Amino acid sequence: MPMHLDTTNADAIALTLAEIALEAGRLLRSMEQGAIAPRLKEDGSPTTAADLAAERLIIQRLNAHWPDVPVIAEETGSKVRTNNLFFLVDPLDGTRDYIHGTGEYSVNIALIEGVRPIAAAVAAPVLNRLWAAGETALGATLQPDGTFHWHAIRTRSAPSRDLITLVSRRHGDDATEICLGSLAIGTRRPTSSALKFGLIAEGEADLYVRCGPTMEWDTAAGDHILTKAGGCVIGPDRQSLTYGHGERAYLNGPFAALGDVALAEKINLPAKVT
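Remember, predicted model here, so these are calculated numbers, not experimental data.

Undergrad: Which residues make up helix H2 (residues 49–65), and what values go with them?
TA: Across its 17 residues, H2 extends 25 Å between first and last C-alpha, which sits within 8% of the 24 Å expected from 1.5 Å per residue. By the burial criterion, the buried members of H2 are Ala50, Asp51, Ala53, Ala54, Glu55, Leu57, Ile58, Ile59 and Leu62. Measuring from the backbone nitrogen of Ala50 back to the side-chain oxygen at the start of H2 gives 3.1 Å, which picks out Thr48 as the cap.

Here it is in structure tokens:
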């Protein structure tokens, strides 16, 4: 049944997005053992029937709840015209990990108002982890019977040394290494997809820097969850990322996801994607 989108109740919206992300995650898991048959998109990244099936499901559910809100989705809906309210959806963030069976993929859904997220959910189906945020950042671990209980999450204060940085398992670049070289990094933890934002939001790591290309649907949900947990996601100007940039095909610039906002002054990102 269609619902009125009351943006003053962002927590309720986030919980609905989490349920949709969980359902999409179950669908992805059910397709893991099938013939994936990946194909390459125009940008060289892979996609599978699972990406498309999960995206169809998410769009159907979002349209059923909020039929008047456009959905900008990675696989099929990136040409949809936005307005002040719109959804950004990555139905399978980490397709390469899905194909290779690492389990480090996620489902990302965010509601944008203006240029910033106001509600979001990230589900990690194989790892049985779930994050969501409206005004409050929440985390949950799914039990074997499928039940879960939300708990409030918070980032940690950055230590003066031995920072834990999450690094992309499949994407690296010299500019990112230069940024990290100015920090007191103690541990580099390879991690894929939007899991990085959830782990930083729960205080399990301190930062993630990305100077290579990403899309808005890759970051919007994790950005909001991390921000509401006490962190930030900043661009080269040390300001929050903004969303809805159809004029640049929804491409992000370089960014840093930080658990402790005090780290922002120590980060020097390049002006453009490398």
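Now that the structure has been shown, the text picks up again.
Undergrad: I'd love a proper account of the pairing of strand E6 (residues 116–124), names of residues and values included.
TA: In terms of burial, E6 is a largely internal element, eight of the nine residues being buried. When strand E5 (residues 106–113) meets E6, the two strands line up antiparallel, connected through seven bridges. Paired with Leu111 across the strands is Ala119, a residue of E6. From the end of E5 to the start of E6, which pair antiparallel, there are two residues, and Gly114 there has a positive phi angle of about 75°. The pairing of E6 with strand E7 (residues 129–133) spans five bridges and is classified as antiparallel. The residue of E7 that forms the bridge with Val122 is Trp131. Taking the residues between adjacent antiparallel strands as the criterion, E6 and E7 are bridged by four residues, where Asn128 takes a positive phi near 60°.

Rules and cut-offs
Residue numbers run consecutively from 1 along every chain, following the written order of its sequence. Restriction of local features to residues with pLDDT of at least 70 applies here, the model being predicted, together with a cutoff of 80 or more for giving and counting side-chain atom pairs; totals for whole chains, interfaces and linings are based on all residues. Remark: hydrogens and water are excluded; side-chain values derive from all non-hydrogen atoms of the structure. The numbering of helices and of strands both runs from the N terminus, where a helix is a DSSP run of H or I of at least 4 residues and a strand a run of E of at least 2. Expected span of a helix: the number of residues minus one, times 1.5 Å. Here's how the labels work: a residue is buried when its accessible area is under 20% of the maximum for its type, exposed when over 50%, partly exposed in between, all with a 1.4 Å probe on protein chains only. Polar contact is the term for a pair of N or O atoms within 3.5 Å; when the atoms are in protein, one must be able to donate a hydrogen and the other to accept it, and sequence-neighboring residues count only if both atoms are side-chain atoms. Note on pairing: two strands pair once DSSP finds at least 2 bridges between them.

Keep in mind that these numbers describe shape and distance, not what the molecule does.
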